[in-house]
Each structure stands twice: as C-alpha cells, then as structure tokens.
Amino acid sequence: MDKRILDKVLTGLSDKNIRFSELRNLILSLGFNERIKGDHHIFTKAGVVEIINLQPLKDGRAKAYQVKQVRSIILRYKLHKEGDDV
C-alpha cells in the first residue's frame, strides 16, 4: 500500500489533486475487487456494505466528491489500520 497516497486521501486537504490511477491502486491495495463497465470502475469488498463507483475526469484526476466517499469508507471500516500491524 502506498502510505503517501493513503495519507493524502485521509487528510482531505487535496481531494481535487489526487490522480485517478493512484486512488484506484489504493482501493485495490485495501482488498477491494474491481469491475469495469465503460468508464465506471466499481469496487466491492466482503464486509463493506457500500459499493464504490468511480469515474476518472478527462485530465486523469479523481473526482473530489468520490475521494471524499472513499475516505469516509476507509475511516468507517478502519481499513487504514489493516496494514499497520505488519
């Protein structure tokens, strides 16, 4: 897991400046499964009720409100703590 991107997402100070590819890789590293339908990247994970549905902006960045949704799910399910024990 890229701790730098995780920290960037968790601080919430640069939601508009996170690259879609970085956010996607972070979600995958947290154990989510990905399904792609058109430009929609749909992520699911056992034990997480919400489904994450992301679409990249034309410039390759993630949408700010979607970064906020991902942050909310990471904090609600304490997913950022899973890799800390290693």
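Basis of the calculations
- Within every chain, residues take consecutive numbers counted from 1 along the sequence as written.
- Local features are withheld for residues below a pLDDT of 70 in this predicted model, meaning they are given only at 70 or higher, and side-chain atom pairs are given and counted only at 80 or more; totals for whole chains, interfaces and linings count all residues.
- For side-chain calculations, the full set of non-hydrogen atoms in the structure is used, while hydrogens and water are omitted.
- Strand pairing is assigned whenever DSSP identifies at least 2 bridges connecting the two strands.
- Helix numbers and strand numbers start at the N terminus; a helix is a DSSP run of H or I with at least 4 residues, a strand a run of E with at least 2.
- For helices, the fitted line uses only the C-alpha atoms of the stretch in contact; every axis is such a line through C-alpha atoms, and the angle between N-to-C directions lies from 0 to 180 degrees.
- Any pair of residues with heavy atoms lying within 4.5 Å of one another is described as a contacting pair.
- Think of it in three bands: residues with accessible area under 20% of the maximum for their type are buried, residues over 50% are exposed, and the middle band is partly exposed, with areas taken using a 1.4 Å probe on protein chains only.
- Contacts described as polar in this section are N or O atom pairs within 3.5 Å, which, within protein, must combine one atom able to donate a hydrogen with one able to accept it, while residues neighboring in sequence count only if both atoms come from side chains.
- An angle below 35 degrees is treated as roughly parallel, one above 145 as roughly antiparallel, one from 65 to 115 as roughly perpendicular, and anything else as oblique.
- Polar here means any residue outside two lists: the nonpolar Ala, Val, Leu, Ile, Met, Phe, Trp, Tyr, Cys and Pro, and the charged Asp, Glu, Lys and Arg; Gly therefore counts as polar.
- To form a nonpolar core, buried Ala, Val, Leu, Ile, Met, Phe, Trp, Tyr and Cys residues must be joined to one another through side-chain atoms within 4.5 Å.
- Definition used for salt bridges: Asp or Glu carboxyl oxygen within 4 Å of a side-chain nitrogen of Lys or Arg.

Describing the pairing of strand 1 (residues 33–37)
In the sheet, strand 1 pairs with strand 2 (residues 40–45) via five bridges, with the strands oriented antiparallel. Counted as the bridge partner of K37 is H40 from strand 2. The hairpin formed by strand 1 and strand 2 contains two residues between the paired strands, and G38 there has a positive phi angle of roughly 65°.

What to know about the sheet that holds strand 2
One open sheet accounts for three strands, arranged 1-2-3; its pairing is antiparallel. The open sheet has two edge strands, strand 1 and strand 3 (48–54), and neither has a second partner. Here the strands of the sheet are splayed against their neighbours by 20° on average, with no regard to which way each runs.

Things to note about the side chain of R71
As for its placement among the helices and strands, R71 is situated in helix 3 (residues 64–76). In contact with R71, not counting residues within four places along its chain, are V9, L10, G12 and D15.

What about the environment of Q55?
Here Q55 shows up in the loop between strand 3 and helix 3. Overall, Q55 belongs to the buried group, its relative accessible area being 10%. A sequence separation of 15 residues divides Q55 from H40, and the C-alpha atoms of the two residues are 5.0 Å apart. If sequence neighbours within four positions are ignored, Q55 has contacts with F20, D39, H40, K63, Y65 and Q66. Reaching out from Q55, the side chain makes a polar contact with the side chain of N53 at a distance of 3.0 Å. At a separation of 3.3 Å, a polar atom in the side chain of Q55 contacts the side chain of K63.

Digging into the packing of helix 1 (residues 3–11) against helix 3
A pair of packed helices can be characterised by two numbers: the angle between their axes and the separation between those axes. One way to put it is that helix 1 packs onto helix 3 with a least axis distance of 9 Å and a crossing angle of 100°. When the axes of helix 1 and helix 3 are compared, the pair comes out roughly perpendicular. Listed contacts from helix 3 to L6, V9 and L10 of helix 1 are V67, R71, I74 and L75. Of the residues that constitute the contact of helix 1 with helix 3, the class distribution is six nonpolar, no polar and one charged.

A word on the nonpolar core
Within the largest apolar cluster, 20 residues are counted, with the highest numbers of intra-cluster contacts made by L23 and F32. Excluding anything up to four places from it in sequence, F32 contacts I27, F43, T44, K45, V48, I52, I73 and L79.

What about the pattern of salt bridges?
This model, assessed by the stated rule, comprises six salt bridges. Two residues, R71 and D15, come together in a salt bridge whose shortest N-O distance is 2.9 Å. Of this pair, R71 sits in helix 3 while D15 sits in the loop between helix 1 and helix 2 (20–29), and the two are 56 residues apart along the sequence. D15 shares its class with R71; the two are buried.

As far as function goes, none of this settles anything; it's purely spatial.
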